[in-house]
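# Geometric and topological summary
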Amino acid sequence: MRPLPASIHRAPRSAQSGAFLLEALIGALIFAFGILGLVGLQAVAIRNTNDLQYRGEAIAIANAAMGRMWTMDRTKLDAFYTGDKGTGGDGYTALVEAASRLPGVSADDNLKPTVVVDPGPSASSSNVTVTMRWQLPGDTTPHQYVGTVMVGLN
């Protein structure tokens, strides 16, 4: 059997022109989509970091208020701290002022903290629930932290 002539194995030069350029453009397109994906991941990571920062700040503010409640006279706790939507006693007013560092709190009364003081299991104790809320710019729903503490003796 005789080998085929070399001209049969090779495609004409005009059929291959631009193939390398097309491969390079497709490679650049794939690379661009990869970079866009990395930028999107970075944006989500930054947003989550901001949310965690504000959640930590809300926890610190609520815990500081609950710590101050331990130092007060239990009979005055309800009148001093119970409040909602910016209206309450002097302790609640201080809590609202501290909470104004969280995004959206100073502009929206629905995001202001809520403090509920309920009777505890004994006459010398109270169950206190502090709810902190904030809303990041661009979010449609507010975030919240709810802390509960029993102040007093059982």
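Every value quoted in this text rests on a predicted model; they were computed, and no experiment measured them.

## A look at the overall build of the protein
When you go through the protein residue by residue, the secondary structure sums to 5 helices and 5 strands. Expressed as a percentage of its 154 residues, the buried residues of the protein come to 28%. Contacts spanning at least 24 positions in sequence make up 50% of the contacts within the protein whose residues lie at least 6 apart.

## Quick notes on the pairing of strand β3 (residues 114-119)
Two strands pair when backbone bridges link them, and β3 and strand β4 (residues 125-134) are joined in this way by 6 bridges, in the antiparallel orientation. Across the sheet, residue V117 finds its bridge partner in β4, namely V128. Adjacent in sequence and paired antiparallel, β3 and β4 are bridged by 5 residues.

## Topic: the pattern of salt bridges
Close approach of charged atoms allows side chains with opposite charge to pair. Applying the stated rule across the entire model yields 3 salt bridges. Note that R47 and D139 form a salt bridge whose closest N and O atoms lie 2.5 Å from each other. Taken together, the residues R47 in helix α3 (residues 19-69) and D139 in the loop between β4 and β5 (143-152) connect sequence positions 92 residues apart. When the shortest N-O distance is used, the salt bridge between R101 and E57 registers 3.4 Å.

## Topic: a nonpolar patch on the surface
Nonpolar side chains collect at one region of the surface, where F31, I35, L38, V39 and L41 lie side by side and expose about 540 Å² of accessible area between them. With respect to the helices and strands, the residue L38 is situated in helix α3.

## Describing the nonpolar core
One finds M69, L77, V115, V128, V130 and M132 to be the most contacted residues of the largest nonpolar core, which totals 25 residues. The set of elements that each furnish at least two residues to this core consists of α3, α4 (77-81), α5 (90-99), β3, β4 and β5. Considering every element that reaches this core, the biggest residue donor is α3, with 6 residues. Residue contacts for V115: discarding those within four places in its chain leaves M69, Y81, T82, G83, Y92, L95, V128, T129 and V130.

## Observations regarding the packing of aromatic side chains
Aromatic ring pairs: the centre-centre distance and the angle between the two ring planes describe each pair. For the structure on display, the rule yields 1 aromatic pair. Measuring from ring centre to ring centre gives 5.3 Å for F80 and Y81, while their planes differ by 80°; the resulting arrangement is edge-to-face. Residue classification places F80 among the partly exposed residues on the basis of a relative accessible area of 31%. With a relative accessible area of 2%, Y81 lands in the buried category.

## Brief notes about α5
Those residues of α5 that sit buried are G91, Y92, L95, V96 and A99. Looking down the long axis of α5, one finds its buried residues gathered within 140° of arc, a one-sided arrangement. When the buried face of α5 is taken as reference, the exposed residues oriented beyond 90 degrees from it are D90 and E97.

## A short note on the side chain of R133
Locating R133 in the fold gives a position in strand β4. Among the polar contacts made by the side chain of R133, one reaches the main-chain carbonyl oxygen of K112 at a distance of 2.9 Å. A distance of 3.1 Å separates a polar atom in the side chain of R133 from a polar atom in the side chain of T114. Once you skip the residues sitting within four places of it in the chain, R133 turns out to touch L102, V105, N110, L111, K112, P113, T114, H143 and Q144.

## Quick word on α3
Spanning 51 residues, α3 covers 76 Å between terminal C-alpha atoms, matching the ideal 75 Å at 1.5 Å per step. When α3 is considered as a whole, its buried residues turn out to be D51, A58, I61, A62, A65, M66 and M69. Here the buried face of α3 lies against α4, α5, β3, β4 and β5.

About the criteria used
Residues numbered from 1 in each chain as written. Predicted model: local features only at pLDDT ≥ 70, side-chain atom pairs only at ≥ 80, totals over all residues. Heavy atoms only, no water. Helix = DSSP H or I, 4+ residues; strand = E, 2+ residues; numbered from the N terminus. Buried < 20%, exposed > 50% of the residue type's maximum accessible area, 1.4 Å probe, protein only. Contact = heavy atoms within 4.5 Å. Pairing = 2+ DSSP bridges. Salt bridge = Lys/Arg side-chain N within 4 Å of Asp/Glu carboxyl O. Patch = residues over 30% accessible without salt bridge, like charges linked within 9 Å, V, L, I, M, F, W, Y side chains within 5 Å. Areas by Shrake-Rupley, 256 points an atom, 1.4 Å probe, with all protein chains shown as cover. Core = buried A, V, L, I, M, F, W, Y, C linked by side-chain atoms within 4.5 Å. Phe/Tyr/Trp six-rings, centres within 6.5 Å; stacked < 30°, edge-to-face > 60°. Arc of directions from axis to C-beta. Polar contact = N/O pair within 3.5 Å; in protein donor to acceptor, adjacent residues only side chain to side chain. Expected span 1.5 Å × (residues − 1).

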